[in-house]
Amino acid sequence: MAGFVRELERRAGPALRLEQRAAGGVGCVVWDAALVLAKFLETGACPLARRHVLELGAGTGAVGIMAATLGANVTVTDLEELQELLMVNIENNKHLVTGSVRAKVLKWGEDVTEFQPPPDYILMADCIYYEESLEPLLKTLRELTGPDTCVLCCYEQRTVGKNPEIERRYFELLQRDFELEKIPLERHDEEYRSEDIHIVSIHRKHRVGAQRPGCLGLLGRDLKLLSFHPCHGQGHLGMVHGTSTATAARNSQSCCFLGTA
């Protein structure tokens, strides 16, 4: 199938070359949220070397492959129809990988036994857009995460159609089992950032007073759960798409070392 290549520059070494498809659904292109999350990983905020990393809804594999170039052992997952594209991009960038990377089929809501034990990190970019997928996605997250797992969820807030309600419902359901922390905008990559694209660090809830063992580099500051108050805004990455909504980023610490505000 005809495609086109997107280059994603890296701080050190050659750029990633990510093949996309002119047709085939939302998973066949590199979305802005994937670029933001991939470049955030490059900031060094999260220790990835020799870590077990799983990407959900990987699409082109941009985020997971970037993690593999930073020393992580990565499994990028998506539906069967995305496997060929994932494998093409793994092959095209294998000379840049310092950890490991493989592609596997994972349909949200189905058995995750082969992906156990729980990974150190789960990566998600723009996976919140389809109402019918919310419950299966949440089921998969509950079954994949252990007490030490850090989920990094990057998404673009949008005002079109049912998107605001889908986002509100997703985070409402998510907070039943997980704690959420917003990673401040100033901690994102200095070029690949936008006020309407957010990165959220997610962990399984622990009993009151318990230490969270999965916080790598946690500085121990008191944190607040996320509260979303959408307002109209427009993205400025100019990479894939346009108008969406924004919320103010809150200072927080997570499994990633974010320094002090």
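Residues numbered from 1 in each chain as written. Predicted model: local features only at pLDDT ≥ 70, side-chain atom pairs only at ≥ 80, totals over all residues. Heavy atoms only, no water.

K.L.:
Help me understand the overall build of the protein chain, please; the structure alone is not making it clear to me.
P.N.:
Across its full length, the protein chain holds five helices and eleven strands. Looking at the protein chain residue by residue over its 261 residues, the buried ones come to 51%. Total accessible area computed for the protein chain in this model is approximately 11700 Å², and 51% of it derives from carbon and sulfur atoms. (Helix = DSSP H or I, 4+ residues; strand = E, 2+ residues; numbered from the N terminus. Buried < 20%, exposed > 50% of the residue type's maximum accessible area, 1.4 Å probe, protein only. Areas by Shrake-Rupley, 256 points an atom, 1.4 Å probe, with all protein chains shown as cover.)

K.L.:
Help me understand the packing of aromatic side chains, please; the structure alone is not making it clear to me.
P.N.:
How two aromatic rings sit relative to each other is given by the distance of their centres and the angle of their planes. All told, the structure shown has two aromatic pairs when counted by the stated rule. Measuring from centroid to centroid gives 5.2 Å for Y155 and F171, while their planes differ by 50 degrees, and the two rings are tilted. Of this pair, Y155 sits in strand β7 (residues 150-156) while F171 sits in helix α5 (residues 163-174), placing them 16 residues apart in sequence. Just as Y155 is buried, F171 falls in that class too. Each ring, one from Y170 and one from F171, has its centre 5.0 Å from the other, and the planes form 75 degrees; the classification is edge-to-face. A connected cluster of aromatic rings, assembled from ring pairs, spans Y155, Y170 and F171. (Phe/Tyr/Trp six-rings, centres within 6.5 Å; stacked < 30°, edge-to-face > 60°.)

K.L.:
Honestly, the packing of helix α1 (residues 32-42) against helix α2 (residues 62-69) in this entry has me stumped. Any pointers?
P.N.:
Geometrically, a packed helix pair is captured by the angle between its two axes and the distance between the axes. At a minimum axis distance of 8 Å, the contact between α1 and α2 shows a crossing angle of 10 degrees. The angle between α1 and α2 falls in the class roughly parallel. Within the contact between the two elements, α1 uses A34, L37, A38, K39, L41 and E42 and α2 uses A62, V63, M66 and A67. When the residues that make up the contact of α1 with α2 are grouped by side-chain class, the tally is eight nonpolar, no polar and two charged. (Axes fitted to C-alpha atoms, helices over the stretch in contact; angles between N-to-C directions. Parallel < 35°, antiparallel > 145°, perpendicular 65-115°, else oblique. Contact = heavy atoms within 4.5 Å. Nonpolar A, V, L, I, M, F, W, Y, C, P; charged D, E, K, R; others polar.)

K.L.:
Can you walk me through the sheet that holds strand β3 (residues 52-56) in this structure?
P.N.:
Paired through their backbone hydrogen bonds, the strands of a sheet run either parallel or antiparallel. The seven strands lie next to each other as β5-β4-β3-β6-β7-β9-β8, forming an open sheet whose pairing is mixed. Looking at strand neighbours, the two that pair on one side only are β5 (100-105) and β8 (178-182), the edges of this open sheet. Along the sheet, successive strands turn relative to each other by an average axial angle of 20 degrees, direction set aside. With four bridges joining them, β3 and strand β6 (residues 121-125) adopt parallel strand pairing. Residue pairing for β6: L54 is matched across the bridge by I122. Contacts between α2 and the sheet are confined to β3, β4 (73-78), β5 and β6, with β4 contributing the most and set at about 175 degrees to the helix. Here helix α4 (residues 134-144) sits on the sheet and contacts β3, β6, β7, β8 and β9 (197-204); the angle it forms with β3, its principal contact strand, is near 170 degrees. (Pairing = 2+ DSSP bridges.)

Any functional reading would require information beyond the geometric quantities listed.
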